[in-house]
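Here is how the chains run, residue by residue.
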Amino acid sequence: MSLNKSRLSKFTRLSIVLCGLLLFVSNAHAAPNIISQNLTGAGTFTPGSTITFSANTTNVGTDMNTTNSHRLRVVRTIGEPSGAYDFVIRGNYLYTFGYSSKKLFIYNISNAESPVLERSFSLPDAVTPYVYELELFGDYIVLGGQNVSASNEVAIYNIQDPINPTFAGSVDTQKSGGAECQVNNVEGMEVVGSKLYVSGEAPWSKNFCVFDISNPSSYVFNSAIAADEFTNVFDVHGNYAYLISTPVSYGFRGIIVVDVSNSANIRVVSLYFAATANIGASHASHNVRAQGNYLYVGGYGGGHVQIFDLSTPSDPVQINSLDFGALNTNWSSGTGVSVNYPYAYIANPAGFAGVNIIDISNSTPVQKGHVDGNATDATGSNANYVFSAGYAGPGLIVYKPFMRARFCIDNSACATSGVGIKTATMNPLASGATVATSTTWVATLGTHTITYCSDYVETYGFDSVLESNDSDNCSSYTFVVSNPPTVTLELQVNSGAWSTADQTVNAGDVLSARWSSTNATTCTGTGVNTSNTTSGTVGVTTPPAGTATVFRVDCVNSSGVTASDTVTVTTQQRSNFTQPNISYTLSPTYSSTT
């Protein structure tokens, strides 16, 4: 197929990052379910007192891991190697190449938070090698770049012994099959089955080539396309490859669709031109995959991602777009993409630098997370960790999913507002696991609501977990902080003076009690029938002789705080009556009558 340069020159500069996606499916799948429960408060609920709030976060769903958790934090940064464009993970081993040291580094990541450098070594017979791409092929690792093996641009090593790679062969991508392939600086590379696809960065190369490397020691050149465009970013998907043109001096700028079903005769079948002008230049994109029926195209500077339907693979049709807006995600400035369904991890070396996490579980992708970091070019992951490396970054960075919970006072938007009295950080929760957390708060007068939210939304507007149910992340209750109550209890004996002092009385004396209170809503008594009133006067029963009895009144305020007052009455027997001694003298009296 010939290209019409006069037609193509009208179109604006394009750069495309192809994010590999699985077939979109419903979110109705087994997932974690994070709930908040057992929220309690303890202390004296009066102004100025310290209240302790406690709560539990429990996962009643499946285990949290990198397939359902999208909030990441850095758990380890390793300085070597510097200038790592790409890496691959095979089992417990991570392979990467240092642009500065010109060495292959092999890390044991069985404990990903403490990776062990097993070996670093210079490539044999390589003269000033630069490795931009790494791919796995059975028991082999394939390195692509410049001068990787002698003057060849691709080298293949056997890694059956994971820490002792042995040279298995190399591929001459410059003159293979005569002059058919002219890729003299491999910056795009993918291995599918036994086929090796390579492309080069402008302005050094202008071809897209395919080789058979089923026998690494004796590769076979299959075919190539040659046109007036440079292609350094591509993705092979089924029977088609989607190439990106990044020209320096040629007219065409766009997506080239190549039929690769017959590796002996690959051919261009269609072209796509972007309608938006803010899709810009791309450089050595890594870990790019397309799977399923959709293709994503990233735009430089404008924060846009274009979505294409590949139902007809030879004819991409734009159906949607994702706008990162203020996040200004520079997707195409050296970004690396990896897929761990339902997430795509996008490494950003510029703009919103770090790793961005995209939910690709349906045809409208949503950014679900971001972790700040140094410049990164490539990403990868296993079940529990995400990894990144960058040419301008510190080397290898290890990320781990985590979750946060928050306590809030009088904040109905606790799950989304970013304001709380305490934040707790938690590692991924296994199914059935519970984490207890607590906080303190100095009480202020009034009616308040305490809220506890697990898996809340953080600074950039992202939560932590792709859950089966988000409605039970928070629990709350309302409480009252009021001034402390006071109460005064007095007793009166035989209608005498009222007194708050303890009393000694005689059996048979008549007793009365009266009480008064402040800031109370109800009062109860022991030995005093208050009828739940906050003040009053009542008669009380005189205790039996020979006893000491405590009369008590308890008054409670609206916060449940209690004040008490008591008077103790000691009852004694009344003193015995003594009969006075009286003497009588009887003098007879006589009378007579005459």
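Right above here is the structure, for reference.
Residues numbered from 1 in each chain as written. Predicted model: local features only at pLDDT ≥ 70, side-chain atom pairs only at ≥ 80, totals over all residues. Heavy atoms only, no water.

Asker: Is there a simple way to think about the overall build of the protein in this case?
Answerer: What the protein contains, in helices and strands, is one helix and 41 strands. Contacts spanning at least 24 positions in sequence make up 57% of the contacts within the protein whose residues lie at least 6 apart. (Helix = DSSP H or I, 4+ residues; strand = E, 2+ residues; numbered from the N terminus. Contact = heavy atoms within 4.5 Å.)

Asker: Just to check I follow, could you spell out the state of the cysteines for this structure?
Answerer: Two cysteines, two sulfur atoms, one covalent bond between them: this is a disulfide. Tallied over the entire structure, the rule returns four disulfides. Between the sulfur atoms of C408 and its disulfide mate C414 the distance is 2.1 Å. Handedness of the C408-C414 disulfide follows from its S-S torsion of about 75°: it is right-handed. The residues C408 and C414 share a single accessibility class, namely buried. C523 shares a disulfide with C555; S-S distance 1.9 Å. In this structure, the disulfide formed by C523 and C555 twists by about 110° around the S-S bond and is classed as right-handed. (Disulfide = S-S within 2.5 Å. Buried < 20%, exposed > 50% of the residue type's maximum accessible area, 1.4 Å probe, protein only.)

Asker: Is there a simple way to explain the sheet that holds strand β33 (residues 446–454) in this structure?
Answerer: Sheets are built from strands that pair by backbone hydrogen bonding, the pairs being arranged parallel or antiparallel. Taken in spatial order, the four strands make up an open sheet running β31-β30-β33-β34, and their pairing is antiparallel. Each edge of the open sheet is held by one strand with a lone partner, namely β31 (422–426) and β34 (474–481). The mean angle between the axes of side-by-side strands here comes to 15°, regardless of whether they run parallel or antiparallel. In the sheet, β33 pairs with β34 via eight bridges, with the strands oriented antiparallel. Residue pairing in the sheet places I450 in a bridge with Y477 of β34. (Pairing = 2+ DSSP bridges. Axes fitted to C-alpha atoms, helices over the stretch in contact; angles between N-to-C directions.)

Asker: What exactly am I supposed to notice about the packing of aromatic side chains here?
Answerer: Think of a pair of aromatic rings as described by two things: how far the centres are apart, and how the planes are tilted against each other in angle. Applying the stated criterion to the full structure yields 16 aromatic pairs. Measuring from centroid to centroid gives 5.5 Å for Y157 and F167, while their planes differ by 75°, and the two rings are edge-to-face. Remark: F167 occurs in strand β11 (residues 166–171) and Y157 occurs in strand β10 (residues 152–158); sequence separation between them is 10 residues. Exposure remark for Y157: the relative accessible area of 1% places this residue in the buried category. Through successive ring pairs, a cluster of aromatic residues spans F45, F53, W441, Y477 and F479. Here the guanidinium or amino end of R71 rests over the ring plane of Y456, the centre of that ring lying 5.3 Å away. R406 extends its terminal NZ or CZ atom over the ring of Y456, reaching a point 3.6 Å from the ring centre. (Phe/Tyr/Trp six-rings, centres within 6.5 Å; stacked < 30°, edge-to-face > 60°. Lys NZ or Arg CZ within 6 Å of the ring centre and 35° of its normal.)

Just distances and angles here, no functional claims.
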